[in-house]
Amino acid sequence: MAETKAHKITLIPGDGIGPEVTHAVVRILEATGVKFDWERFAAGAEAFEIHGEYIPAALYESIERNRIALKGPVTTPIGGGFKSINVTLRKKFDLFANFRPIKNLPGLATHWPGVDLIIVRENTEGEYVGLEHEVVPGVVESIKVISEKGSTRIAKFAFEYARKHSRKKIHSIHKANIMKLSDGLFLRCARKVAEGFPDILYGEHLIDNTCMQLVMNPFQYDTLLLENLYGDIVSDLCAGLVGGLGLVPGANLGVECAIFEAVHGSAPDIAGKDVANPTALLQSAVLMLRHIDEPAAADKVQKALEMVYAERKTLTRDVGGTAGTSQFADAVLAAMG
């Protein structure tokens, strides 16, 4: 029998707690029996110190070649410094769909048990195109870009995912009562796509009302379709419903490439202390396993993770336990058998 070919994956450990949670996740992935060939790269401030570039050319080439990357958190300077590594990579590889499933883990008490949401966020347009300039001293203009092409393809992604995975309802989230042209275009494109999916209930809610409704009764929603900025905010809000950003996965998907990443920050204050929770990156890696057609390994890791949470014996401090990063990974490995 021919030897199973290894999956070539670009690995970006990140900074802060990134290397620790990435190491834990890699240990778990390699215990699934799936073979990996990791190509490791620094990004951000660390990469600049080594290569004089925030994103080395070799990293771009690796993602283009492998078409799959697993990424830990990278610090983004606020109000200055280099551009967001996340946004830069999404634009470079046209990763137009940001996909975040929001679901409770067993054993964790939250205000809303049983949440099961899908957040589909357009990932390349809106306010995040980075078109800003100073008109006159003291006045800055930031341009929001919404296109028919971008709006239509993210709507198609949402509806096709919903049909494939038996999701019953999609809401487009907008502010078209104020931004009549830009958000209006987004809605017109979503409505047109919705016509081709009569089996899926389609609705529309204003972004501000949606935020209120989510914290009052998240069960009225199933799949949320959002522009870039709205999706960034709402996906974090929804993470709070199930315990926080340290628990939920994220995927950036395009036609050619995909990057799977933890959506939380780099937490430099606890870096190197072996206390960080690797759950968000691990659940992102589960999404990656499904993407590379390794569903048995994905199920194995997800089941083991949920067993550890249900038992509540080896959880990290952020979710009420006392275990460290390595100890938590050991528990997941033990649960995998």
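Our subject in this report is the structure included herewith. This structure is a prediction, so every number in the text was calculated from the model and none was measured.

## Things to note about the packing of helix H10 (residues 295-311) against helix H11 (residues 325-336)
For step 1, the next point in the chain: Look at H10 against H11: their axes get within 8 Å of each other, and the N-to-C directions meet at 120°. Crossing handedness for the pair H10 and H11: right-handed. Of the residues in H11, those touching H10 at Lys300, Val301, Ala304, Leu305, Met307, Val308 and Tyr309 are Phe328, Ala331, Val332, Ala335 and Met336.
For step 2, the next point in the chain: Of the residues assigned to the contact of H10 with H11, the class counts are 11 nonpolar, no polar and one charged.

## Points about the sheet that holds strand E10 (residues 223-226)
For step 1, the next point in the chain: Spatial strand order, E2-E1-E3-E12-E11-E4-E5-E10-E8-E9: 10 strands in an open sheet with mixed pairing. Of all strands in the sheet, those with a lone pairing partner are strand E2 (36-40) and strand E9 (201-206), marking the two edges. Neighbour-to-neighbour, the strand axes of the sheet open up by a mean angle of 25°, direction not taken into account.
For step 2, the next point in the chain: Taken together, the three bridges between strand E1 (residues 7-12) and strand E3 (residues 68-71) define a ladder with parallel strand orientation. The partner of leucine 11 across the bridge, within E3, is leucine 70.
For step 3, the next point in the chain: Where helix H5 (residues 148-164) meets the sheet, its contacts fall on strand E4 (97-103), strand E5 (116-122), strand E8 (169-174), E9, E10 and strand E11 (249-253), and the angle it forms with E5 comes to roughly 160°.

About the criteria used
- Residues numbered from 1 in each chain as written.
- Predicted model: local features only at pLDDT ≥ 70, side-chain atom pairs only at ≥ 80, totals over all residues.
- Heavy atoms only, no water.
- Axes fitted to C-alpha atoms, helices over the stretch in contact; angles between N-to-C directions.
- Helix = DSSP H or I, 4+ residues; strand = E, 2+ residues; numbered from the N terminus.
- Left-handed = near helix turned anticlockwise from the far one by under 90°.
- Contact = heavy atoms within 4.5 Å.
- Nonpolar A, V, L, I, M, F, W, Y, C, P; charged D, E, K, R; others polar.
- Pairing = 2+ DSSP bridges.

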